[in-house]
Amino acid sequence: DDLDVEIDNEENKDLQNATAIPKTAKPGSTIIFDVRVKNTFTTIEKTKLEDAFITVRLEGINDGEDLEKESNTFELPADRTRPETFRFTLPGLIDEDTYVVHIEAEGEDENGRIHSAELELELDVRRENHDILVQNLQIDPVKASCGEAVTLSFDLLNYGQGEEESVAYTIQNPALGIVLSEGPI
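Residues numbered from 1 in each chain as written. Predicted model: local features only at pLDDT ≥ 70, side-chain atom pairs only at ≥ 80, totals over all residues. Heavy atoms only, no water.

(A) Quick look at the overall build of the chain. Across its full length, the chain holds 0 helices and 14 strands. Overall, the chain shows an N-to-C arrangement of helices and strands of β-β-β-β-β-β-β-β-β-β-β-β-β-β. The globule rule puts the C-alpha radius of gyration for 185 residues at 16 Å, and the 23 Å found for the chain is more than 25% above it. Each of the three principal axes of the chain carries a C-alpha extent, and together these read 75 × 40 × 25 Å. The buried share of the chain, reckoned over its 185 residues, is 29%. Sequence-distant contacts, at least 24 apart, represent 59% of the contacts inside the chain between residues at least 6 apart. Of the roughly 11,900 Å² of accessible surface on the chain, a fraction of 44% belongs to carbon and sulfur atoms. A gap of 8 Å separates the mean positions of the 16 positive and 42 negative side-chain charges of the chain. (Helix = DSSP H or I, 4+ residues; strand = E, 2+ residues; numbered from the N terminus. Rg over C-alpha atoms; globule rule 2.2 N^0.38 Å. Buried < 20%, exposed > 50% of the residue type's maximum accessible area, 1.4 Å probe, protein only. Contact = heavy atoms within 4.5 Å. Areas by Shrake-Rupley, 256 points an atom, 1.4 Å probe, with all protein chains shown as cover. Lys, Arg positive; Asp, Glu negative; His and termini not counted. Charge placed at Lys NZ, Arg CZ, Asp CG, Glu CD.)

Printed below as a string of C-alpha cells:
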C-alpha cells in the first residue's frame, strides 16, 4: 500500500515498484523500511487475511548472501492497513553496486487461498574516496588516578574505495592537556 525508506536519517517517501531509492547508501549505512500493507477486500466482503506476514530482503548484499527480515504473523481485517518497520545496517565491507530490495506481503483468507503482493526497488551502494572508521575502541582502566597508566586500543577499518597509503590519527583530551598524534601508519 505504501513504502517509505530512510537511509542514514534521510527519508525517501512513497516509493513505487521498480524504482531506484533516491538516496545512495554506503558501507555501514542504517536503512529503515516503513512498509504499510492493506487488505483490499471491502468491509462488505468481510474477508480477513490470517497468518499474514511481510518480508524485506536485500539480495546478495552481504558478501553474496541476502540480508532478510520477516515480521511476526498477524491478522488483517478487510479494508484495514498494517504498518511494519524493518531496520538493516549494511556490512562495513561491501562492494559498490546496485542491489535489489525485494518486499513481499502474504496472507491467507478463510477459504485457504493465499494472497500476496510484492515489489522491488534498487539500492545503490557507493564508497567514498577516503573513509576510515575507528572500531573496537577500548580504554583500560576506565577510571584512572593521577599518574596511573592508561591503555587505549582501537582498530582502523578502511571503508573507502582504494587502499590508503598514509593514515594518521590524533587522540586528544583538552581538559587534561593531552594531544597525541601518530602517523602516517
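(B) View of the sheet that holds strand β8 (residues 81–89). If you walk across this open sheet you meet the 4 strands as β2-β1-β4-β8, and the pairing is antiparallel. Looking along the sheet, the strands with just one partner apiece sit at the ends: β2 (10–12) and β8. Across the sheet, the mean angle separating the axes of adjacent strands is 15° when strand polarity is ignored. The sheet contact formed by strand β4 (residues 30–38) and β8 spans 9 bridges and is antiparallel. In the sheet register, F33 faces β8, and the bridge partner there is F86. (Pairing = 2+ DSSP bridges. Axes fitted to C-alpha atoms, helices over the stretch in contact; angles between N-to-C directions.)

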